[in-house]
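Structural characterization, general
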Amino acid sequence: MTNYQLVLDYIVEAVRPQFGKGKVADYIPALAGVPPRKFGIAVCTMDGQIFKAGDADEGFSVQSISKLFVLQLVMQHFGNMIWTRVGKEPSGDRFNSMLRLEQEQGIPRNPFINPGALVILDLLQSLKGDAYQRIRNYLRFLSMNETLDSNPTVADSEFNHAHVNRALAHLMKGYGNIHGDVEALMEIYCFQCAMEMSCVELAIAGLPLAGGGYSRPHETAVISKSQAKRINSVMLTCGMYDSVGSFAYRVGLPAKSGVGGGILAVAPEKLTVCTWGPELDAYGNSYVGTAALEMFTEMTHTSIS
Ligand code: DON
């Protein structure tokens, strides 16, 4: 039996030499002030046991990790129809790149790059009811924390600087792949990205993906087995943007990152593991988090292969 607590306690110390090699995201001004040398790691096993070390209980801006959960909500409502509006191929480009979007007539490569997430959110907004409440309630349910919320300062800061995301949305609207109002879409996109969760909460929220849709702590099948399989597959091939290949080589697990410095990784049938380290590499993924996940999977022999 692996002693996860011992492994996490070791990693918290072992990653220290990696501090200072990455850079905190500053293109969203409200994120620029996050203390760079924070580090947390949490593991949640299939039976709901939690192991944690470092700043694992501190909330941070989930940013693009939210795309993983909004995708679940939208798949629950629209099923396979979503794949007519968004692809499932790695893009090989930056998460907010516009390059292929014009070449490919407004159909984003996958749901995890920004244009793909915007299309997914446009679908959610087309449903009757309050999409803000839907996102917040789903994340509260998944994380088992009824007080979870979006940080309005971070959301406003991104909204006021979301020039590239607006351009992506308008380009797609021009091609007929965004149906709703672009400003309304920007507002809710910034709201979802500014949700604050800790490593522990994200590890719990990821459990249905590890359990073929079912989660013991939630006592229910949150998504179908097939949806869990498909989301994990798209995460493995697209979740870490243009460094997805080297991340898969180093870590060996499907994962989703955010520019807040979080990474949530899923080991199917076994566990979830979430890291937080605000300093990012050149691809927008946590530098220290990637190093920590590599150590974790090497030490515990956890991988999909
Ligand atoms: O749209 C943005 O630029 C951010 N709200 C989210 C980007 C992000 O987290 C990319 N992930 N590493």
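Our subject in this report is the structure included herewith. (Residues numbered from 1 in each chain as written. Predicted model: local features only at pLDDT ≥ 70, side-chain atom pairs only at ≥ 80, totals over all residues. Heavy atoms only, no water.)

Section: the side chain of K67
Counted only if it meets this: Runs of E in the DSSP output that reach at least two residues are strands. Runs of H or I that reach at least four are helices, and both are numbered from the N terminus. Working definition: with a 1.4 Å probe on protein chains only, accessible area under 20% of the residue-type maximum means buried, over 50% means exposed, and in between means partly exposed. His residues and chain termini do not enter the charge count, which takes Lys and Arg as positive and Asp and Glu as negative. Salt bridge criterion: a side-chain nitrogen from Lys or Arg within 4 Å of a carboxyl oxygen from Asp or Glu. Whenever a nitrogen or oxygen atom comes within 3.5 Å of another N or O atom, the pair is scored as a polar contact, on the condition that within protein one atom can donate a hydrogen and the other can accept it, and that pairs from neighbouring residues in sequence are kept only if both atoms are in side chains. We call two residues in contact whenever any of their non-hydrogen atoms come within 4.5 Å of each other.
Summarising the element assignment, K67 is placed in helix 2 (residues 66–78). Salt bridges are absent for the buried K67, whose nearest opposite-charge side chain, E158, sits at 8.4 Å. Of the polar contacts made by the side chain of K67, one reaches the side chain of N114; its length is 2.6 Å. Engagement of the side chain of K67 in a polar contact is seen with the side chain of Y241, the distance being 3.4 Å. Apart from the residues within four sequence positions on either side, K67 is in contact with P111, F112, I113, N114, A117, Y189, Q192, Y241 and K256.

Re the environment of I41
Inspection of the secondary structure puts I41 in strand 2 (residues 40–45). Look at I41 and you get buried, because its relative accessible area is 0%. In the structure, I41 is positioned 162 residues away from A203 in sequence and 9.2 Å away in space, judged by C-alpha atoms. When sequence neighbours within four positions are dropped, the list of residues in contact with I41 reads L8, I11, V12, F51, K52, A53, A56, C199, V273, C274 and T275.

Some details on the packing of aromatic side chains
Which entries qualify depends on this criterion: Aromatic rings from Phe, Tyr and Trp, with only the six-membered ring used for Trp, were paired whenever their centres fell within 6.5 Å, and each pair was classed as stacked if the ring planes differed by under 30 degrees, edge-to-face if by over 60, and tilted otherwise. Whether a charge sits over a ring comes down to the Lys NZ or Arg CZ being within 6 Å of the ring centre and within 35 degrees of the ring normal.
Under the defined criterion, the tally for this structure stands at six aromatic pairs. Considering the side-chain rings of Y4 and F51, the 5.6 Å spacing of their centres and the 50° angle between planes classify their relative orientation as tilted. In this pair, Y4 is assigned in helix 1 (residues 4–14) and F51 in strand 3 (residues 50–54), connecting sequence segments 47 residues apart. Here Y4 and F51 have matching classes, each one buried. Every member of this aromatic cluster is reached through a ring pair, and the members are Y4, F51 and F296. When the ring centre of F159 is taken as origin, the NZ or CZ atom of R166, which lies over that ring, is 4.6 Å away.

Some remarks on empty space enclosed by the protein
The following threshold applies: Only protein atoms enter the 1 Å grid used here, on which a cavity is any set of points holding a 1.4 Å probe that cannot leave and a pocket is any open set flanked by protein within 12 Å on both sides along at least five of seven lines; residues with an atom within 4 Å of a point are listed as lining. Grid points are joined across faces, edges and corners, and a volume is the space filled by probe spheres set on the points. Under the convention adopted here, Pro, Cys and the residues Ala, Val, Leu, Ile, Met, Phe, Trp and Tyr are nonpolar, Asp, Glu, Lys and Arg are charged, and Gly plus all remaining residues are polar.
Within the structure shown, the criterion is met by two cavities of 30 Å³ or more. Within this model, the largest cavity holds a volume of roughly 80 Å³. Around the largest cavity sit S91, D93, R94, S97, R100, L101, E104, I107, P108, R109, I113 and P115, which together line it. A breakdown of the residues in the lining of the largest cavity according to their chemical character gives five nonpolar, two polar and five charged. The computed volume of the second largest cavity comes to approximately 50 Å³. Lining the second largest cavity are Y27, Q63, S64, K67, F95, N114, E158, N165, Y189, C193 and V259. Class assignment of the residues belonging to the lining of the second largest cavity gives a composition of five nonpolar, four polar and two charged.

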